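What follows is each chain in one-letter form.
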Amino acid sequence: EMFGQLTSGLESAWNKLKGEEVLTKENIVEPMRDIRRALLEADVSLPVVRRFVQAVSEQAVGVGVIRGVKPDQQLVKIVSDELVKLMGGEVSELTFAKSPPTVILLAGLQGVGKTTVSAKLALYLKKQGKSCMLIAGDVYRPAAIDQLVILGKQVDVPVYTAGTDVKPAEIARQGLQEAKKKNVDVVIMDTAGRLQIDKTMMDELKDVKRTLNPTEVLLVVDAMTGQEAAALVTTFNVEIGITGAILTKLDGDSRGGAALSVKEVSGKPIKLVGRGERMEDLEPFYPDRMAGRILGMGDVLSFVEKAQEVMKQEDAEDLQQKIMSAKFDFNDFLKQTRAVAQMGSMSRVLGMIPGMGKVTPAQIREAEKSLQIMEAMIEVMTPEEREKPELLAESPARRKRIAKESGKTEQQVSQLVAQLFQMRVRMKNLMGVMQGGSVPALSN
Ligand code: GDP
């Protein structure tokens, strides 16, 4: 089972939380130690492990309680989210040139699966409807050229070869020319691998890269090499500049260190993974699926996610309920209108709102005057009337009294009452629009 050891190492962390009510600074100490150990045993580099453990610990302590979700399940979710983040979050797609051909340059040490990947990648792209051509550039191993020709036949993709006596950069130039002649969509160049990085190798790669001006430069690394893979990606990136990595042999008993470290250590994403010797065994690298496999707890994760959603939903509904049932009365009305007036020069405020245009001084005087009229009417209301606008809506006698005491007309009082109810409706509508979003401050 891939990552089996890592998975069981993490399991012991969850087990230590069985029976706990909530995650605390104290009760996560032991589980965090297990997580740390499991990651180190999976050959994740120490700085990466440290950052990871710290990030998880901080979140675990502050996570709070979600009804129905146990602390160990919460920790699984936090670890999962952090694993996904560690591996780059989103899947990192291949980039294609605006005008074909797209050129993909493959590099890597000997035996990592580079030649195999070349052909796998051609098949993968062919399935996406792209025409491909392979360039055999491993001039140090005649067998590698033969191998690529055989694999090319297998996936039915033409292979450009120029033997072993031509410099790789020259092969690249000729191959690219041929590809343009043939109008292929994607050219994939296999290059020489060495047992270890040396200057000649890097210089040759630089020459090839200059010649091809590739859209993608992908380093093929072997998952079995653990954190060494991440170090290699970093070195190649610094030396020649790469766009990402392809991780091979993920089907073997890889411990996981490579998959977990590459992005964090090198800053470059893993774009594709090889999971077997068949030509079909190449696929995009999905950080979330990878985390799921490592944890082996898909059901727990989706359960916690659902619970979190439900809680968010309940919170939102609760808030909405409060606002909708909030008696927006004449006191609130007064507070609100005064607050707006206090914003000082209303013209300046309104002028800052796009689409509002200029407000004329006459309009400002108008607004201030109507505020004064409203205030005069509200001032003569009884406290009960201010709190229950319905009283005014229902009673012409009350409206008449207010008109008389404030020196305004009955029509003005009716308008004010109508305005208040309109405001209530607007607020409810606003809440409808904002459902799930943030909530505005109603008054100060
Ligand atoms: P190169 O020297 O980098 O070109 O490596 P090759 O392409 O010749 O591959 C070396 C060996 O690794 C071959 O036996 C491949 O079949 C094997 N190989 C490559 N990719 C994978 C993979 O994803 N899974 C497994 N199990 N074997 C692989």
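Residues numbered from 1 in each chain as written. Predicted model: local features only at pLDDT ≥ 70, side-chain atom pairs only at ≥ 80, totals over all residues.

1. Description of the overall build of the chain
Which entries qualify depends on this criterion: Under the scheme used here, helices are H or I runs from DSSP no shorter than 4 residues and strands are E runs no shorter than 2 residues, and both carry numbers assigned from the N terminus. Whether a residue is buried, exposed or partly exposed follows from its count of other C-beta atoms within 10 Å of its own C-beta, namely 20 or more, 12 or fewer, or something in between, respectively; the C-beta atoms are built from the backbone. Contacts are defined on C-beta atoms placed from the backbone: any two residues whose C-beta positions lie within 7 Å are in contact.
Counting its regular elements, the chain contains 19 helices and eight strands. Scored against the burial criterion, the 444 residues of the chain give a buried share of 38%. Taking the intrachain contacts of the chain between residues at least 6 apart in sequence as the baseline, contacts between residues at least 24 apart amount to 75%.

2. Some thoughts on the site of the ligand
Rules: A molecule or strand has a residue near it when that residue's C-beta atom, placed from backbone coordinates, lies within 6 Å of it. Note on residue categories: nonpolar means Ala, Val, Leu, Ile, Met, Phe, Trp, Tyr, Cys or Pro, charged means Asp, Glu, Lys or Arg, and polar means any other residue, Gly included.
Close to the ligand lie 19 residues; G113, K114, T115, T116 and G274 are nearest. Here the shell around the ligand takes three residues from helix α5 (residues 114-127), the largest share from any one element. Looking at the shell around the ligand, its residues break down into two nonpolar, 11 polar and six charged.

3. Digging into the pairing of strand β1 (residues 102-107)
Of all the six residues making up β1, six are buried; the element is thus mostly covered by neighbouring parts of the structure. Burial of β1 is two-sided: the residues T102, I104 and L106 facing one way and the residues V103, L105 and A107 facing the other way are all buried.

4. Let's talk about the sheet that holds strand β4 (residues 186-191)
Heads up, the condition is: In short, DSSP must find at least two bridges between two strands for them to pair. Every axis in this analysis is a line fitted to C-alpha atoms, fitted for helices over the stretch in contact. Angles between the N-to-C directions lie between 0 and 180 degrees.
The strand order across the open sheet built from eight strands is β3-β2-β4-β1-β5-β6-β7-β8, with neighbouring strands paired in mixed fashion. Looking at which strands have only one partner, the edges of the open sheet turn out to be β3 (159-160) and β8 (282-284). Set on the sheet, helix α6 (residues 142-155) makes contact with β2 (132-137), β3 and β4; between it and β2 the angle comes to about 165 degrees. Against the sheet, helix α7 (residues 168-182) contacts β1, β2, β3 and β4, and its axis sits at roughly 165 degrees relative to β2.

5. Concerning helix α4 (residues 71-86)
Note the threshold: Expected span of a helix: the number of residues minus one, times 1.5 Å.
Between its first and last C-alpha atoms α4 spans 22 Å; for 16 residues at 1.5 Å apiece the expected length is 22 Å, and the two agree. Buried within α4 are the following residues: P71, D72, Q74, L75, V76, K77, I78, V79, S80, L83 and L86. The first or second residue beyond α4 is G88, which carries a positive phi of 105 degrees.

6. Quick look at the nonpolar core
The cut-off we apply is this: A set of buried residues qualifies as a nonpolar core if it consists of Ala, Val, Leu, Ile, Met, Phe, Trp, Tyr and Cys joined through C-beta atoms within 7 Å.
Counting residues in each nonpolar core, the largest one holds 100 residues, and the members touching the most others are A122, L134, V187, I188, L219, V221 and L247. Take this core: its biggest share by element is seven residues, from α5. Counting 11 residues, the second-largest nonpolar core is a separate cluster that includes F330, I378, M381 and V417.

7. Here we look at unusual backbone geometry
Following P100, the chain continues to P101 via a peptide bond in cis, the omega torsion being 5 degrees. Inspection of the secondary structure puts P101 in the loop between α4 and β1. Notably, D43 is not glycine yet its phi reads approximately 70 degrees, a positive angle. Here D43 lies in the loop between α2 (29-41) and α3 (46-62). For D43, a count of 21 C-beta atoms within 10 Å gives the class buried. Although it is not a glycine, D156 sits at a positive phi angle of roughly 60 degrees. Here D156 is to be found in the loop between α6 and β3.

8. Quick look at the packing of α2 against α3
Inclusion rule: Between 65 and 115 degrees an angle is taken as roughly perpendicular, under 35 as roughly parallel, over 145 as roughly antiparallel, and anywhere else as oblique. Handedness of a crossing is defined here by the sense of rotation of the near helix relative to the far one, left-handed for an anticlockwise turn of less than a right angle and right-handed for a clockwise turn.
Contact geometry of α2 with α3 gives a least axis separation of 10 Å together with a crossing angle of 150 degrees. By the angle between their axes, α2 is roughly antiparallel relative to α3. α2 and α3 meet at a crossing whose hand is right-handed. For the pair formed by α2 and α3, the contact residues are M32, I35, R36, L39 and L40 on the first element and V49, F52, V53, V56 and S57 on the second. Taken together, the residues that form the contact of α2 with α3 break down as eight nonpolar, one polar and one charged.

9. A closer look at the confidence of the model for the chain
Cut-off, in case you're wondering: As a per-residue quantity, pLDDT reports the predictor's confidence and falls between 0 and 100.
Per-residue confidence for the chain gives a mean pLDDT of 85, with 85% of residues at or over 70. Segment residues 436-444 is flagged for pLDDT under 50; beyond a separation of four residues in sequence, or across chains, it makes 10 contacts in the model.

10. Side note on the pairing of strand β6 (residues 244-248)
Under the convention used in this document: Throughout, right-handed denotes a crossover for which the path from the first strand over the helix to the second runs clockwise when the strands point away from the viewer.
The buried fraction of β6 is high, at five of five residues. Side-chain alternation along β6 places G244, I246 and T248 on one buried face and A245 and L247 on a second face that is also buried. As judged from the five bridges shared by strand β5 (residues 216-222) and β6, these two strands associate in the parallel manner. Its bridge partner being in β6, V221 is matched across the sheet by L247. Between β5 and its parallel partner β6, the chain crosses via helix α9 (residues 227-240), and the hand of that crossover is right-handed.

11. Re α9
Taking 1.5 Å of rise per residue, the 14 residues of α9 would be expected to cover 20 Å, and the 20 Å separating its terminal C-alpha atoms lies within 8% of that figure. Within α9, the full set of buried residues consists of Q227, A229, A230, L232, V233, F236 and I240. Packing partners of the buried residues in α9 comprise β1, α8 (199-212), β5, β6 and α10 (257-266). At the exit of α9 stands G241, carrying a positive phi of roughly 80 degrees.

12. Looking at the packing of α7 against α8
Axis separation between α7 and α8 bottoms out at 8 Å; the angle between their running directions is 20 degrees. As judged from the angle between their axes, α7 and α8 are roughly parallel. Note on packing geometry: the crossing formed by α7 with α8 is right-handed. The residues of α8 that touch α7, namely those facing P168, A169, A172, R173 and L176, are E204, D207, V208, T211 and L212. Looking at the contact of α7 with α8 residue by residue, the classes come out as six nonpolar, one polar and three charged.

13. Details of the environment of F236
Relative to the helices and strands, F236 is located in helix α9. For F236, a count of 24 C-beta atoms within 10 Å corresponds to the buried category. Sequence separation of F236 and V265 is 29 residues, and the distance between their C-alpha atoms is 13 Å. Not counting chain neighbours up to four residues away, the residues in contact with F236 comprise A107, L219 and I242.

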